[in-house]
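# Summary of structural features
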Amino acid sequence: MKVYFDNAATTSLDPEVLEAMIPFLENKFGNPSSIHSYGRETRSAIEGARKKIAELINVSPGEIFFTSGGTEANNTAIRCSIEKLGIKHAISSTIEHHAVSHTLEDLESKGDLKVSWVKFKKDGHVDLEHLENLLRDNTRTLVSLMHANNEIGNLLPLKKVSELCQKYDAVLHSDTVQTMGHYVHDMQDVNLHFANCSAHKFHGPKGIGFMYINGDVKIDPFITGGSQERNMRGGTENLYGIVGMAKAFEIAHRNMEKDQHYIQGLKTYMVDLLKENISGVKFNGDHDKSSLYTVLSVSLPPMTNGEMLLFNLDISGIAASGGSACTSGSNQGSHVLQGIDCDMSRPSIRFSFSKENTKEEIDYAVKKLCEFIELSNKN
Ligand SMILES: Cc1ncc(COP(=O)(O)O)c(C=O)c1O
């Protein structure tokens, strides 16, 4: 049996998305900047995709900018807002994706910025009182906090954070890569300046994403070059990626309620099955309250050869992860688990689900886990 439980790292391409992309890989190949009919045809596909995405998150099409994915959008939001908006202070957390934390550390090491790291509560949620204390600083501040953590699944109360930022006139950037295409985002409901999206997290193609930049915010491009994306991002557009992303986003919204209900059911089923079968099992983060329905971070009792668990699961055909995709192998490399004071002597595994998973796959994975634990106890 082959089981894919690493959907927070990436998802499979939806066949309907592939079908929408194929004409743009075959004969609709014009450069969207060309003024002849070939170019006009592909320009129209790009602007149609932008309009569709903008409608789904309730913004104007002029506030959507296509990027190569979440990493580029995070870099653009952080680096360009600091350069252009007179920001000298940033507040973020140590459990952000490296596309955010390494960018902030880089700017701090060059002397461009002071970074304050907000504290957490025991369940891994941001301490909002500490955030407010940090915001009392009198300099113009950028707050960069992710909407959902990709390793433990915790959800940030984005609206509350946006109200705090508004109170102190701070610029708010949220890495929304793990929630775009999984939850409805109504940008008129939160006072957010920058958000982002990566298509491969919801059955779209890799290497394409978008960033939302609130129309009131004026920054310079991160990638200079041609006048594409209304002078905000140089480079010939990833045409088939953009078309595929818009299709995947549309499908995700069309089926959102149904998929959410189904995937949450899988997660709850796995929690219950693990509790029944593995004594001392724990879950990292706030897994049953304010948590992404696609992610379950499991902390297993200490065992001999715990670092071999992922490898053994892989041999049994089960793909899971120790943390994010970039921290393969054991959880020792996970800055997120370290950041939330997780007991690092216990092996942790992240299972992340999609609409394509089944309860039978969970039965199989839990059975295999139990066998490994039993074997390790004998050694
Ligand atoms: C929270 C978060 N931010 C950013 C990224 C990076 O996105 P991309 O792969 O599109 O560069 C990821 C992907 O792993 C992610 O999970």
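Numbering of residues starts from 1 in each chain and follows the order in which that chain's sequence is written. Whole-chain, interface and lining totals are the exception, using all residues; otherwise, since this is a predicted model, local features are given only for residues with pLDDT of at least 70 and side-chain atom pairs are given and counted only at 80 or more. Excluded from the side-chain calculations are hydrogens and water; all other atoms, namely the structure's heavy atoms, are used.

### Some remarks on the overall build of the protein chain
Applied cut-off: Starting at the N terminus, helices and strands are each numbered in turn, a helix being any DSSP run of H or I of at least four residues and a strand any DSSP run of E of at least two. Taken over C-alpha atoms, the radius of gyration is set against a globule rule of 2.2 Å times the number of residues to the power 0.38. Accessible area is worked out with a 1.4 Å probe on protein chains only. A residue is then buried under 20% of its type maximum, exposed over 50%, and partly exposed in between. By definition in these notes, contact holds between two residues if any of their heavy atoms fall within 4.5 Å. Computed by Shrake-Rupley with a 1.4 Å probe, the accessible areas treat only the displayed protein chains as cover when residues are assessed.
When its secondary structure is counted, the protein chain shows 12 helices and 12 strands. Taken over the C-alpha trace, the protein chain has a radius of gyration of 21 Å; the compact-globule value for 379 residues is 21 Å, and the two agree within 12%. In terms of principal-axis extent, the alpha carbons of the protein chain reach across some 70 × 55 × 35 Å. With 379 residues in all, the protein chain has 58% of them scored as buried. Of all intrachain contacts in the protein chain linking residues separated by at least 6 positions in sequence, the fraction that spans at least 24 positions is 72%. Accessible surface computed for the protein chain: about 16,400 Å², of which carbon and sulfur atoms make up 51%.

### Some details on the confidence of the model for the protein chain
Note the cut-off: Residue-level confidence of the predictor is summarised by pLDDT, bounded by 0 at the bottom and 100 at the top.
Overall, the predicted model of the protein chain reaches an average pLDDT of 94, with 97% of residues at or above 70. Below a pLDDT of 50 lies the segment residues 324-331, which in the model reaches 18 contacts outside its immediate sequence neighbourhood of four places, other chains included.

### Quick word on the site of the ligand
For the record, the criterion: Here a residue counts as near a molecule or strand whenever at least one of its heavy atoms sits within 4 Å of it. In protein, a polar contact requires one atom able to donate a hydrogen and another able to accept it; more generally it is a pair of N or O atoms within 3.5 Å, and residues adjacent in sequence count only if both atoms are side-chain atoms. Put simply, Ala, Val, Leu, Ile, Met, Phe, Trp, Tyr, Cys and Pro go in the nonpolar bin, Asp, Glu, Lys and Arg in the charged bin, and everything else, Gly too, in the polar bin.
Among the 13 residues in the neighbourhood of the ligand, the closest are listed as G70, T71, D175, S198 and K201. Interatomic distance of 2.6 Å between a side-chain N/O atom of T71 and an oxygen atom of the ligand. One nitrogen or oxygen atom from the side chain of H97 is found 3.5 Å from an oxygen atom belonging to the ligand. Burial of the ligand by the protein chains amounts to 85% of its free accessible area of 400 Å². Among the elements that take part in the shell around the ligand, helix α3 (residues 70-84) stands out by supplying 3 residues, more than any other. Tallied by class, the residues present in the shell around the ligand amount to 2 nonpolar, 9 polar and 2 charged.

### What to know about the nonpolar core
Our working rule: In this description, a nonpolar core means a group of buried Ala, Val, Leu, Ile, Met, Phe, Trp, Tyr and Cys residues linked to one another through side-chain atoms lying within 4.5 Å.
By size, the foremost hydrophobic cluster in this structure holds 56 residues, and its most contacted members are I57, F66, L131, V143, M187 and F210. With 9 residues, helix α8 (residues 239-254) is the single largest residue contributor to this core. Apart from residues lying up to four places away in sequence, L131 is in contact with I91, V118, V143, L145, V161 and L164. I263, L266, I318 and F372 belong to the second-largest nonpolar core, a separate cluster that totals 37 residues.

### A word on a nonpolar patch on the surface
Defined as follows: Only residues whose relative accessible area exceeds 30% and that form no salt bridge are eligible for patches; like-charged ones are grouped when within 9 Å, while nonpolar side chains (Val, Leu, Ile, Met, Phe, Trp, Tyr) are grouped when within 5 Å. For this document, the term salt bridge refers to a Lys or Arg side-chain nitrogen within 4 Å of an Asp or Glu carboxyl oxygen.
Where nonpolar side chains cluster on the molecular surface, the patch consists of L13, L18, I22, L25 and Y240 and spans about 400 Å² of accessible area. Among the elements that make up the nonpolar patch, the one with the highest residue count is helix α1 (residues 15-26) (3 residues). Locating L13 in the fold gives a position in the loop between β1 (3-4) and α1.

### Details of α1
The test is simple: In this scheme, a helix's expected span is set at 1.5 Å multiplied by one less than its residue total. Directions are taken from the helix axis to each C-beta atom, and the arc is the one they span.
Its 12 residues place the ends of α1 16 Å apart at the C-alpha level, agreeing with the 16 Å of an ideal helix rising 1.5 Å per residue. All buried positions along α1 are accounted for by V17, A20, M21 and F24. Each buried residue of α1 lies within a common arc of 90 degrees when the element is viewed along its axis, so the set occupies one face. Of the residues in α1, the exposed ones pointing more than 90 degrees away from the buried face are P15, E19 and E26. Contacts made by the buried residues of α1 are with α2 (37-56) and α8. At the N-terminal boundary of α1, the capping side chain belongs to D14, with an oxygen 2.8 Å from the backbone nitrogen of E16.

### Describing the packing of α3 against helix α4 (residues 98-109)
Note the threshold: Axes, fitted as lines to C-alpha atoms, cover a helix only where it is in contact. Angles between the N-to-C directions of the axes lie from 0 to 180 degrees. Roughly parallel covers angles under 35 degrees, roughly antiparallel covers those over 145, roughly perpendicular covers 65 to 115, and oblique covers all other angles. By definition, turning the near helix anticlockwise from the far helix through less than a right angle yields a left-handed crossing, and turning it clockwise yields a right-handed one.
For the pair α3 and α4, interaxial distance at closest approach is 9 Å and the crossing angle is 30 degrees. As the angle between them shows, α3 and α4 are arranged roughly parallel. The hand of the α3/α4 crossing is right-handed. Contact with α3, carried on its side by T71, N74, N75, I78, R79 and I82, involves A99, V100, T103, L104, D106 and L107 of α4 and no other residues of that element. Counted by class, the contact of α3 with α4 contains 6 nonpolar, 4 polar and 2 charged residues.

### Thoughts on α4
With 12 residues, α4 should cover 16 Å at 1.5 Å per step; its first-to-last C-alpha distance of 15 Å lies within 8% of that length. Of the residues making up α4, those classed as buried are A99, V100, S101, T103, L104 and L107. A positive backbone phi angle near 80 degrees is found at G111, which sits one or two residues after α4.

### A word on unusual backbone geometry
One non-glycine residue, N58, adopts positive backbone phi at about 60 degrees. Positive phi, close to 60 degrees, is recorded for N305, a residue that is not glycine. By the secondary structure assignment, N305 is in the loop between β10 (295-299) and α10 (309-315).

### A few points about the packing of aromatic side chains
Rule in force here: Under the pairing criterion, centres of Phe, Tyr and Trp rings, with the six-membered ring standing for Trp, must be within 6.5 Å; the plane angle then separates stacked pairs below 30 degrees from edge-to-face pairs above 60, leaving the rest tilted.
Following the criterion strictly, the structure yields 6 aromatic pairs and no others. Ring centres of F5 and F353 lie 5.4 Å apart, and the angle between their planes is 80 degrees; on these two criteria the pair is classed as edge-to-face. Of this pair, F5 sits in the loop between β1 and α1 while F353 sits in the loop between β12 (348-352) and α12 (359-378); the two residues are 348 residues apart in sequence, bridging distant segments of the chain. This pair shows no difference in class: F5 is buried, exactly as F353 is. Centre to centre, the rings of F29 and Y38 are 5.5 Å apart; their planes meet at 50 degrees, and the pair counts as tilted. On the basis of relative accessibility, which here comes to 57%, the residue F29 falls in the exposed class. For Y38, a relative accessible area of 44% corresponds to the partly exposed category.

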